[in-house]
Amino acid sequence: MSLRDASGCHYHSKVHAKVSFSRKLAQFLFVLFIPCLTVAQQADNTASLPFNAAAYRIGERLTYNVNYASFVSAAHVELFVASRGKFFGRDGIQLRAHVETIGVINVALLSINNDYTTFIYPENGLPYRAQRVVREAGRTSEAAVDYNQPAGTDAIPPKLRLGEFPGVYDLLSAVYRGRAMPLAPGFAYLINVRNENDEYAAAIKVTGKQLIKTNVGSFDALVAKIDIKGSPLDNVHVYFSDDEWHVPVLITAKYKDGDIRIELAGSQLTAPAGLPRPIAEPATVNPTPTPTTSPKIVPTSDVNLDLPFKVGEQLNYRVFVGNANTAIGSMNLSLKTRGRFFNRDGLQFTWLAQTSGGGILPIKDQMTSFVDPETLIPFRTEINFAEGSWRNARNYNLDQERGLATVEGKTDRQEIPIGTHDLVSALYAIRTFDFSGLRQNAISIMAVDRPRTLFVKAERRETIELNGQKISAIMLKVTTDDPEPDKLQIRIWIGDDARRLPLRITAAMRTAAVRADLQIAPR
């Protein structure tokens, strides 16, 4: 996300008074997700502590919005169960997280943009390696830590307390290990968590059930009270969905004179749950990407993608200004092929928008997106925009492992959240979202030259008319994390069926409203 102009944001009168402890607050932001504590009625045999593997759904992506005191949307947190495969010589599950401050907090208090990657044992959730990339105040540092590999006399396990988890967890693995417990009223556990040089004894007790309402819907939730020894946080409560996945839908806490509220803003499952994915062995914590200049295509379009669109799908739109019935241009979207691109298996999406003359400013904008077939996240974006005398041509290589976008032929690097889409891949990814219950999803997009957060909320179901046909649709409201989130007034109507076709797209441009309608053959 880009830094916002401080003059355009509400400025809190105590902003300078908070600088001294804001760094500590950022450290505990992630700790709020940790679920576990001491307690009674648990067997002394810790090896028998239950473990629910369903909490580790490959492809699950959870996005959270963080409010602090009077600062609305102070930060975003993203959790991602990235893959299962062979990592550092062991079978493991790769967990990722991204924490980023935004708005006034980012501009005036603390600018952080951190990525965490943890590799855990699938059978018990224990971490064996953790990596982190910390970006703060214009500096970037990287580190890696090996866990739970004692030798010599250290290999003799100490006597565990009642209900205590064996081993040491990092912050990320602790989040999921807590979700993997059979949470129910009266249950309580203890877990040891290490973050850099600090170690915490985190404890949770499930106190009851409650109906929780969030921006993405209502949830029957289990209420858990958390105590973190040595933490300045008070009155910490976590609300887990009352199902087998135990998704944290809401976290609340108090920090000195401010309340913290971390609310689920979006959820997405980008791969079938429990399906192992072969992953290449990561060589180092900071690999250097090597762009390839030309794609080599090996057709594999016969492979079932399990997506609402297929290879070869082409969507043609007519573009109108205002309420006019005469088209001033066209737009085309297509999923051209699946093959090997830049030494990777990928899908090739293309987008073309152009005006048709008649005194209209000549426009011909093209974009090609090469994406991972399973996650739909791009690894390369090619742009060629021509609008009147203005030109913008560039090719991005997107390193989703390290959160970097590099322009081909240049040394400049743009930091991006892990899992960032481009404009084309985002439109196709939206078609895979779950809009049952008219919920909201959130994704990061590379808006041509800088990342932004895109919020996609299903507003209502309605019937629209295209080419004389009445079609059932879901109207989506698309906003960003900019100071004016709905400045462009983007609305998308998708078909209320399995294909989720984008039927109509509208936006408010500088001088007039623009509408793109899908061309549908008459019945």
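Model, not experiment: these values are computed from the prediction. (Residues numbered from 1 in each chain as written. Predicted model: local features only at pLDDT ≥ 70, side-chain atom pairs only at ≥ 80, totals over all residues. Heavy atoms only, no water.)

Caption draft 1: Spotlight on the overall build of the protein. Each helix and strand counted, the protein has four helices and 27 strands in total. The burial tally for the protein puts 52% of its 523 residues in the buried class. Restricting the contact set of the protein to residue pairs at least 6 apart, pairs at least 24 apart contribute 53%. As presented, the protein carries roughly 23800 Å² of accessible surface, and 50% of it is formed by carbon and sulfur atoms. (Helix = DSSP H or I, 4+ residues; strand = E, 2+ residues; numbered from the N terminus. Buried < 20%, exposed > 50% of the residue type's maximum accessible area, 1.4 Å probe, protein only. Contact = heavy atoms within 4.5 Å. Areas by Shrake-Rupley, 256 points an atom, 1.4 Å probe, with all protein chains shown as cover.)

Caption draft 2: Representation of the pairing of strand E11 (residues 248-255) in the model. Among the eight residues in E11, seven count as buried, and that is most of the element. Between strand E10 (residues 233-241) and E11, which follow one another and run antiparallel, lie six residues, and His246 among them has a positive phi close to 50°. Taking the residues between adjacent antiparallel strands as the criterion, E11 and strand E12 (residues 258-269) are bridged by two residues, where Lys256 takes a positive phi near 55°. (Pairing = 2+ DSSP bridges.)

Caption draft 3: Here's a closer look at the pairing of strand E22 (residues 440-446). Counting buried positions along E22 gives seven out of seven residues, so the element sits mostly inside the fold. Neither face of E22 is open: one carries Gln440, Ala442, Ser444 and Met446, the other Asn441, Ile443 and Ile445, and all of them are buried. Note that strand E21 (residues 421-422) and E22 share two bridges and pair parallel. Bridge pairing in E22 links His421 to Ile445. Traced from E21 through helix H4 (residues 423-430) to E22, the parallel crossover comes out right-handed. Across seven bridges, E22 lies against strand E23 (residues 451-466) in antiparallel orientation. By the bridge assignment for E23, Gln440 is matched with Lys457. (Right-handed = clockwise from strand over helix to strand, strands pointing away.)

Caption draft 4: Here's a closer look at H4. When you tally the buried positions in H4, you get seven out of eight residues, the bulk of the element. Taken as a whole, H4 has its buried residues at Val424, Ser425, Ala426, Leu427, Tyr428, Ala429 and Ile430. The backbone nitrogen of Val424 has a side-chain oxygen 3.1 Å away, supplied by the residue at the start of H4, namely Asp422. (Polar contact = N/O pair within 3.5 Å; in protein donor to acceptor, adjacent residues only side chain to side chain.)

Caption draft 5: How the structure looks around the environment of Leu476. You can see Leu476 is positioned in strand E24 (residues 469-480). Sequence separation of Leu476 and Ile430 is 46 residues, and the distance between their C-alpha atoms is 9.7 Å. With sequence-adjacent residues up to four places away left out, Leu476 is seen in contact with Ile430, Phe435, Val456, Lys457, Ala458, Ile490, Arg491, Ile492 and Ile494.

Caption draft 6: A look at unusual backbone geometry. Not every positive phi belongs to a glycine, and Asn235 is a case in point at roughly 50°. Locating Asn235 in the fold gives a position in strand E10.

Caption draft 7: Broad picture of the confidence of the model for the protein. Of the residues in the protein, 76% have a pLDDT of 70 or more, and the chain-wide mean is 77. Considering each helix and strand of the protein separately, the mean pLDDT is smallest for helix H1 (residues 19-31), with a value of 43, and largest for strand E25 (residues 490-495), with 95. Contacts from residues 34-47, a stretch scored under 50 in pLDDT, to residues over four places away or in other chains number 50 contacts. Residue range residues 150-165 is modelled with pLDDT below 50. Its contacts to residues more than four positions away, or to other chains, number 28 contacts. (pLDDT = per-residue confidence, 0-100.)

Caption draft 8: Region of the structure containing the packing of aromatic side chains. Tallying each qualifying case throughout the model produces 14 aromatic pairs. Taking the centre distance of 4.8 Å and the plane angle of 45° together, the rings of Tyr121 and Tyr128 count as tilted. For the residue pair Tyr121 and Tyr128, the accessibility class agrees, reading buried in each case. An aromatic cluster is built from Phe87, Phe88, Phe119, Tyr121 and Tyr128, whose rings are joined through pairwise contacts. (Phe/Tyr/Trp six-rings, centres within 6.5 Å; stacked < 30°, edge-to-face > 60°.)

Caption draft 9: Just the pattern of salt bridges, in detail. The tally for this structure, following the rule as stated, stands at 23 salt bridges. The closest approach of N and O atoms between Glu313 and Arg499, which form a salt bridge, is 3.5 Å. Of this pair, Glu313 sits in the loop between E12 and strand E13 (314-321) while Arg499 sits in the loop between E25 and strand E26 (502-508), and the two are 186 residues apart along the sequence. For Arg499, a relative accessible area of 44% translates into the label partly exposed. Of the charged contacts in the structure, one is a salt bridge between Arg344 and Asp372, with a shortest N-O distance of 3.7 Å. Note that Arg344 is positioned in strand E15 (residues 344-355) and Asp372 in the loop between strand E16 (363-371) and strand E17 (378-387), a separation of 28 residues in sequence. Taken together, the shared-partner salt bridges in this structure form one network comprising Arg57, Glu60 and Arg179. (Salt bridge = Lys/Arg side-chain N within 4 Å of Asp/Glu carboxyl O.)

Caption draft 10: Just the nonpolar core, in detail. In this structure, Tyr56, Tyr64, Leu79, Leu95, Tyr176, Val249 and Leu264 are the most contacted members of the largest nonpolar core, which totals 53 residues. In this structure, Met446, Ile474, Leu476 and Ala516 belong to the second largest nonpolar core, which totals 51 residues. (Core = buried A, V, L, I, M, F, W, Y, C linked by side-chain atoms within 4.5 Å.)

Caption draft 11: Looking closely at the side chain of Arg504. Take Arg504: it is sitting in strand E26. Looking at Arg504, its side chain comes within polar contact range of the main-chain oxygen of Glu465, at 3.2 Å. When neighbours within four sequence positions are excluded, Arg504 is seen to be in contact with Ile464, Glu465, Leu466, Arg491, Ile492, Trp493, Arg515, Ala516 and Asp517.

Caption draft 12: Structural detail: helix H3 (residues 171-179). Of all nine residues making up H3, nine are buried, and the element is well covered by its neighbours. Looking only at H3, the buried set comprises Leu171, Leu172, Ser173, Ala174, Val175, Tyr176, Arg177, Gly178 and Arg179.

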